Amino acid sequence: MGRQSGFTLVELLIVLAVTAVLASLVAPSFNEQLSRRRIEGVATELSTDLQFARSQSVANGGVVRVMTLSTTQYVVRDAANNDLKTVNLPSGIAATNAATVAYDPLRGMATVTNGPINLTSTRTAAQVRLDINAMGRVNLCTPSGSLKGYASC
C-alpha cells in the first residue's frame, strides 16, 4: 500500500488553534479602528449639514438652525419650524451638549448657543469637536489629541 498525502487531524487542529489566537489578537484593534472611522464619518456628515443649513438660510431668506435634540440625534430646521433633515447618530457615538447653530439669512453668519458641538465615542477615547466661527465656517479638531489626522484643540 502506498503512502497517502494529506493532513492529519492533529495538524488541522494546530492550524485552527494558531488561527484563533491570531484572530483574537487582531479583533480589538479592528473594533477600535471601526469606532474611529464611525466618529469621523459622523463629524464629516454634521459638518456638511451645517454648511447645508447655511446655504439654505441664504437661499430661502430665513433663519435655519441645526440643533442637537439629544445625545443621539440632531435636526436641521427652517424658519417655519419644518425639519429639513433629521439624523440619528449611530450606536456608540454621542453629542455631549445640546447646541444650537442659527444661520442669518442676509450674511450667512452663525450664532452658536451652548457650543461647540462635541462628539464622543463610547467605545474608544476618540473625540471630535466642531467649532463654528461667526462666519459659519466649521473647523474639526480633537480635544484630547486622540484622533490622528485632526489638529488638537
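Quick note: structure is the one above.
For clarity, every value in this text was computed on a predicted model and none was experimentally measured. (Residues numbered from 1 in each chain as written. Predicted model: local features only at pLDDT ≥ 70, side-chain atom pairs only at ≥ 80, totals over all residues. Heavy atoms only, no water.)

### Considerations on the overall build of the protein chain
Part 1 of the reasoning: Counting its regular elements, the protein chain contains 1 helix and 10 strands.
Part 2 of the reasoning: Reading the protein chain from its N terminus to its C terminus gives the helix and strand order α-β-β-β-β-β-β-β-β-β-β.
Part 3 of the reasoning: The C-alpha atoms of the protein chain give 24 Å as radius of gyration, which overshoots the globular expectation for 153 residues (15 Å, by more than 25%).
Part 4 of the reasoning: Across its three principal axes, the protein chain shows a C-alpha extent of roughly 90 × 30 × 25 Å.
Part 5 of the reasoning: Per-residue burial over the protein chain gives 33% buried out of 153 residues.
Part 6 of the reasoning: Taking contacts inside the protein chain between residues at least 6 apart in sequence as the whole, the part at least 24 apart equals 46%.
Part 7 of the reasoning: With 13 positive and 9 negative side-chain charges, the protein chain shows a separation of 4 Å between the mean positions of the two kinds. (Helix = DSSP H or I, 4+ residues; strand = E, 2+ residues; numbered from the N terminus. Rg over C-alpha atoms; globule rule 2.2 N^0.38 Å. Buried < 20%, exposed > 50% of the residue type's maximum accessible area, 1.4 Å probe, protein only. Contact = heavy atoms within 4.5 Å. Lys, Arg positive; Asp, Glu negative; His and termini not counted. Charge placed at Lys NZ, Arg CZ, Asp CG, Glu CD.)

### Brief notes about the nonpolar core
Part 1 of the reasoning: Ranked by internal contacts, the top residues of the largest apolar core, which has 25 residues, are Leu46, Leu50 and Leu119.
Part 2 of the reasoning: Of all elements in the fold, only α1 (9-60), β1 (64-70), β2 (73-77), β4 (93-95), β5 (100-103), β7 (117-121) and β8 (127-132) reach the threshold of two or more residues within this core.
Part 3 of the reasoning: When residues in this core are grouped by element, the largest group, 6 residues, is from α1.
Part 4 of the reasoning: Excluding residues that lie within four positions of it along the chain, Leu119 makes contacts with Ile39, Val42, Ala43, Leu46, Leu89, Ala94, Ala95, Ala126, Gln127, Val128 and Leu130. (Core = buried A, V, L, I, M, F, W, Y, C linked by side-chain atoms within 4.5 Å.)

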